[in-house]
Amino acid sequence: MTTTSGSAQNTIVLNADPEHAGLRVAILLVLFAATLLSFLLLQELLTTHLPELGSPAILACLGAIPLALAVSAGIEALLKRSWRSGRRLVIEPHRLALQHAGIDQAVLRWDEPIVETWWHFRLAGYQRGGRERRIPDRWHCVAGQLQQNGERIVAFSFVSPAKLEALQRRFPLFTLEPKDVYNRSLRRRLEGPARPELPAEVIAGEAGRFWLAERNRWQQGVELLPGDFETLLAAVRERQADAVAH
């Protein structure tokens, strides 16, 4: 999160998609290179200092894997701080903007009504793919959809149970149950992860508008870090309360 001042006083920038596609590809390449280099280095060290081992290829291979993972994790942490996806949410005194490469993609004004939809669900009970597969199944996805005059912004984050509880104390979130829409049959599991069609009875029910918003998240959602998602939620509630007061 970045806060600016001066001519852009009280502007908050929330960088989106911390694990964007470019970063994931780079980390895979780094992991491959680190594994190869670690193997060659360990093999050379073992051959030089422990010649009685004979061919140390197996030991070098076993040692290279954790070393490469550690190196990749360190490089990934550095890249996440400096390599942005180009998408961001900008919270300004009079508006909220979704931008890509500095160009507005969607803009909502605080002085006009905004339709809010906030929800969460646990990352369990359905077959996950992509980014969701890499998150612990005890964690939750928290999400929000903001709509105004045909414009829409959908943001989400992945949070631990403790973080969800803290969020729920401040901002109630509707609970979705993945089992209500995901096909969990053996055949479906063998076919691999896929987003479901929303049954008509679900759309017509209490959770209908939340599932429709969740479907928009699949297609248009921008991921935020947990702290940035809370910042967005708090900013929306604060601005909306100010608009009502005036």
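Residues numbered from 1 in each chain as written. Predicted model: local features only at pLDDT ≥ 70, side-chain atom pairs only at ≥ 80, totals over all residues. Heavy atoms only, no water.

Draft legend 1. A look at the nonpolar core. Within the largest apolar cluster, 28 residues are counted, with the highest numbers of intra-cluster contacts made by Leu 89, Ile 91, Leu 96, Leu 224 and Leu 232. For this core, the secondary structure elements donating two or more residues are strand 2 (11–15), strand 3 (87–91), strand 4 (95–100), strand 5 (103–109), strand 7 (140–148), strand 8 (151–159), helix 4 (161–170) and helix 8 (226–245). Per element, the largest residue contribution to this core is five residues, and it comes from helix 8. Discounting residues that sit within four places of it in the chain, Ile 91 has contacts with Asn 10, Thr 11, Ile 12, Leu 14, Leu 96, Trp 110, Leu 232, Ala 235 and Arg 239. In terms of nonpolar packing, the next biggest core, distinct from the first, is built from 20 residues, Phe 121, Leu 123, Ile 135 and Phe 210 among them. (Core = buried A, V, L, I, M, F, W, Y, C linked by side-chain atoms within 4.5 Å. Buried < 20%, exposed > 50% of the residue type's maximum accessible area, 1.4 Å probe, protein only. Helix = DSSP H or I, 4+ residues; strand = E, 2+ residues; numbered from the N terminus. Contact = heavy atoms within 4.5 Å.)

Draft legend 2. Quick look at the sheet that holds strand 9 (residues 174–175). A sheet is described by the order of its strands in space; here five strands give the open sequence 9-6-7-8-10, paired in mixed fashion. Only two strands of the sheet have a single neighbouring strand rather than two, namely strand 9 and strand 10 (222–223). Across eight bridges, strand 6 (residues 115–122) lies against strand 7 in antiparallel orientation. Bridged to Thr 117 within strand 7 is Gln 145. (Pairing = 2+ DSSP bridges.)

Draft legend 3. Representation of the packing of aromatic side chains. All told, the structure shown has five aromatic pairs when counted by the stated rule. When the ring of Phe 121 is compared with that of Tyr 126, the centres are 6.3 Å apart and the planes differ by 65°; the resulting orientation is edge-to-face. Its relative accessible area of 3% is what places Phe 121 among the buried residues. Between Phe 174 and Phe 210, the ring centres sit 4.1 Å apart and the planes meet at 5°, which makes this aromatic pair stacked. With Phe 174 in strand 9 and Phe 210 in helix 7 (residues 208–220), the pair connects residues that are 36 residues apart, well separated along the chain. (Phe/Tyr/Trp six-rings, centres within 6.5 Å; stacked < 30°, edge-to-face > 60°.)

Draft legend 4. View of the pattern of salt bridges. By the definition in use, this model includes 13 salt bridges. Of the charged contacts, one joins Arg 170 and Glu 230 as a salt bridge, the two residues approaching to 2.6 Å between their closest N and O atoms. Of the two residues, Arg 170 sits in helix 4 while Glu 230 sits in helix 8, which places them 60 residues apart along the sequence. Under the relative-accessibility criterion, Glu 230 is labelled buried at 17%. (Salt bridge = Lys/Arg side-chain N within 4 Å of Asp/Glu carboxyl O.)

Draft legend 5. Spotlight on the pairing of strand 7. Where burial is concerned, most of strand 7 is hidden: eight out of the nine residues are buried. Pairing between strand 7 and strand 8: nine bridges, direction antiparallel. If you follow Val 142 over to strand 8, its bridge partner there is Ser 157. Taking the residues between adjacent antiparallel strands as the criterion, strand 7 and strand 8 are bridged by two residues, where Asn 149 takes a positive phi near 50°.

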